[in-house]
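# An overview of the molecular structure
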Amino acid sequence: MSKVLLIEDDSLFVKMYEKKFSHEGLELETALDGDEGVEKVRSTVPDLIILDLMLPKMAGSEVLKKIKEDPKTSGIPVIVLTNLNTSSDEVAECVKLGVKETLLKTDVTPSQVIELVRKHIAS
Amino acid sequence: MVKEDQTPLKDETIYNKRIENTPEAYKKAIRELTHLYLRLRQLDKAKDEFISIASHELRNPMAIIKGNISMILAGDAGLVNNEVKDILTDVFVAVERQIRLVNELLDISRIEAGTMYFNLKEAVNVIQLSDLLVNSLKGVVQMRPVIIKVEKPLKELPTVQADQDKVSQVLINLVTNALKFTSKGSVIMSFYKNGDSVVTCVKDSGQGIPEEQKELLFRKFSKPASASVGTITAGSGLGLYISKKYIEHLGGQVWLESSKLGEGSTFCFSLPITGSSKAKEVAEEIKSLQSLKALHENLKGGP
């Protein structure tokens, strides 16, 4: 079964996605800060990563850099799911590093995110 | 990290003073000006940070409300009866409205601070963008006796230079406005070439705009007094203002072409054709503004 890692610090947001993933029969791992995120990317090597950018301990863009630096994890597709404007410098930096999607949290519903997750895992 | 300066800024600090014509006095004035400049930069940075954090903190709860309601409505938490569905749909619409308002307020703060980023594309096809929008709105319109369509011009039109996302946003604003005030009839989008520009028009057969409101249309928070109809509810009154700012930045214009009470309104906007002299002028201007912004960022940045 495909495994997705959600790196996100808002527990209510995490809870919502845990429910959605279990309802869809998908496995979801979670990490609540940047450090834990990097650690879990390395230990679990997920099939896809959903990454928030404003994270405690290590910013999302730093997490992404670390993922991309490591040849073991650099090929994992990453979806950025943030509240920072898609025109912000942080998001632009992530686009440069190579992410599949940059989404504004308020623009999408969990169902739409699941659709994108399936699409990128399949390809 | 520079130590935070807490002294309030006073307007009379420097320019109400007479500077004596001595090197010492000038040196002192320069010192004062430098201090003032640094303080302003600090305040500017604090304001940027405040806006960014406030928007982040406002959006998170809204995303959670929207997401959870969408899941209940989709039946993820079990069967929902129609009455509950009806109530939750209203909540969903309300939270969507709130999200839009936050987005618009952020857009405005960026437009007014001159920090809005324009991702200029050389060749944008407005008709294609309109098609996409109309397709995405079909679900909304389905329930009402309103036809929405894109009227293709007989002869193919040239592309325009623009920021695709911003133009889409303007199209959404104009079309949702038209739908808001058209309970039955049609909303038609048409296009024509006028000199160095392509003009896009959105014509509705709705209630029209009273004379006294016409000149207020493109102002901030301007809202017609009359209630809205249908499923798309009243907005913030910021849409046309933002549209105007966007289009003007891109070298075009937005205007109310015509409006008659009971017969409907037509709004139009123009954009410079790819490769035209106006397009080149705008590209230069945006490029220089953005390099200025980058310079500003560099000055601000660093611990």
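Structure: see above.
Residues numbered from 1 in each chain as written. Chains lettered and ligands numbered in written order. Predicted model: local features only at pLDDT ≥ 70, side-chain atom pairs only at ≥ 80, totals over all residues. Heavy atoms only, no water.

## Digging into the packing of aromatic side chains
- Under the definition given, this model contains 4 aromatic pairs over all chains.
- Taken together, a centroid distance of 5.1 Å and an interplanar angle of 35° make the contact between A:F13 and A:Y17 tilted. Taken together, the residues A:F13 and A:Y17, both in helix α1 (residues 11–23) and 4 residues apart, mark about one turn of the helix.
- What makes A:F13 buried here is its relative accessible area of 1%.
- Judged by centre distance (6.2 Å) and plane angle (75°), the rings of B:F218 and B:F267 are edge-to-face. (Phe/Tyr/Trp six-rings, centres within 6.5 Å; stacked < 30°, edge-to-face > 60°. Helix = DSSP H or I, 4+ residues; strand = E, 2+ residues; numbered from the N terminus. Buried < 20%, exposed > 50% of the residue type's maximum accessible area, 1.4 Å probe, protein only.)

## Digging into the pattern of salt bridges
- As enumerated under the stated definition, the model contains 19 salt bridges over all chains in all.
- A salt bridge links A:E24 to A:K20, with the shortest nitrogen-to-oxygen separation between them at 3.4 Å.
- Using a relative accessible area of 28% as the deciding quantity, one classes A:E24 as partly exposed.
- Judged by relative accessible area, which is 1%, A:K20 ranks as buried.
- Here the residues in one salt-bridge network are A:K20, A:E24, A:R118 and B:D76, joined through shared partners. (Salt bridge = Lys/Arg side-chain N within 4 Å of Asp/Glu carboxyl O.)

## A word on the environment of B:V80
- On the secondary structure map, B:V80 appears in the loop between α2 (23–73) and α3 (82–113).
- Discounting residues that sit within four places of it in the chain, B:V80 has contacts with B:I72 and B:K85. (Contact = heavy atoms within 4.5 Å.)

## Examining the interface of chain B and chain A
- Listed by partner, the interface residues are 23 residues for chain B and 21 residues for chain A.
- Both sides together, the interface formed by chain B and chain A hides about 1,900 Å², and carbon and sulfur atoms give 55% of it.
- A salt bridge links B:D76 to A:K20, with the shortest nitrogen-to-oxygen separation between them at 2.4 Å.
- The interface formed by chain B and chain A holds 7 residue pairs in polar contact (both at pLDDT 80 or more) in total.
- Listing elements by their share of the side of chain B that touches chain A, those giving two or more residues are α2, α3 and α8 (277–300) of chain B.
- Examining the composition of the side of chain B that touches chain A, we find that 13 residues originate from one element, α2(B), more than from any other.
- A breakdown of the residues in the side of chain B that touches chain A according to their chemical character gives 9 nonpolar, 8 polar and 6 charged. (Buried area = accessible area lost by both parts, 1.4 Å probe. Polar contact = N/O pair within 3.5 Å; in protein donor to acceptor, adjacent residues only side chain to side chain. Nonpolar A, V, L, I, M, F, W, Y, C, P; charged D, E, K, R; others polar.)

## Quick notes on the sheet that holds strand β4 (residues 185–194) of chain B
All names here are of chain B.
- Judged by pairing direction, the sheet is mixed, and its 5 strands sit side by side in the order β2-β4-β5-β7-β6 without closing on themselves. With one partner strand each, in any of the chains shown, β2 (146–150) and β6 (254–260) form the two edges of the open sheet. On average, each strand axis in the sheet is tilted by 15° relative to the strand beside it, whichever way the strands run.
- One ladder, built from 8 bridges, connects β4 with strand β5 (residues 197–204); its direction is antiparallel. Its bridge partner being in β5, M189 is matched across the sheet by V202.
- Across the face of the sheet, helix α5 (residues 164–180) comes into contact with β2, β4, β5 and β7 (264–272) while running at roughly 170° to β7.
- Here helix α7 (residues 239–249) sits on the sheet and contacts β6 and β7; the angle it forms with β7, its principal contact strand, is near 25°. (Pairing = 2+ DSSP bridges. Axes fitted to C-alpha atoms, helices over the stretch in contact; angles between N-to-C directions.)

## Examining the sheet that holds strand β4 (residues 78–82) of chain A
Residue and element names in this part refer to chain A.
- Spatial ordering of the open sheet is given by β2-β1-β3-β4-β5, a layout of 5 strands whose pairing is parallel. The outermost strands of the open sheet, each flanked by one partner alone, are β2 (27–31) and β5 (101–104). Strand after strand, the sheet turns through a mean of 20° between neighbouring axes, direction not considered.
- Sheet analysis places strand β3 (residues 48–51) next to β4, joined by 3 bridges and oriented parallel. Looking at the pairing, L51 lines up with V80 of β4.
- Across the sheet, helix α2 (residues 34–44) lies against β1 (3–7), β2 and β3, angled at about 140° from β2, the strand it touches most.

Purely spatial values, then, with no claim about function.
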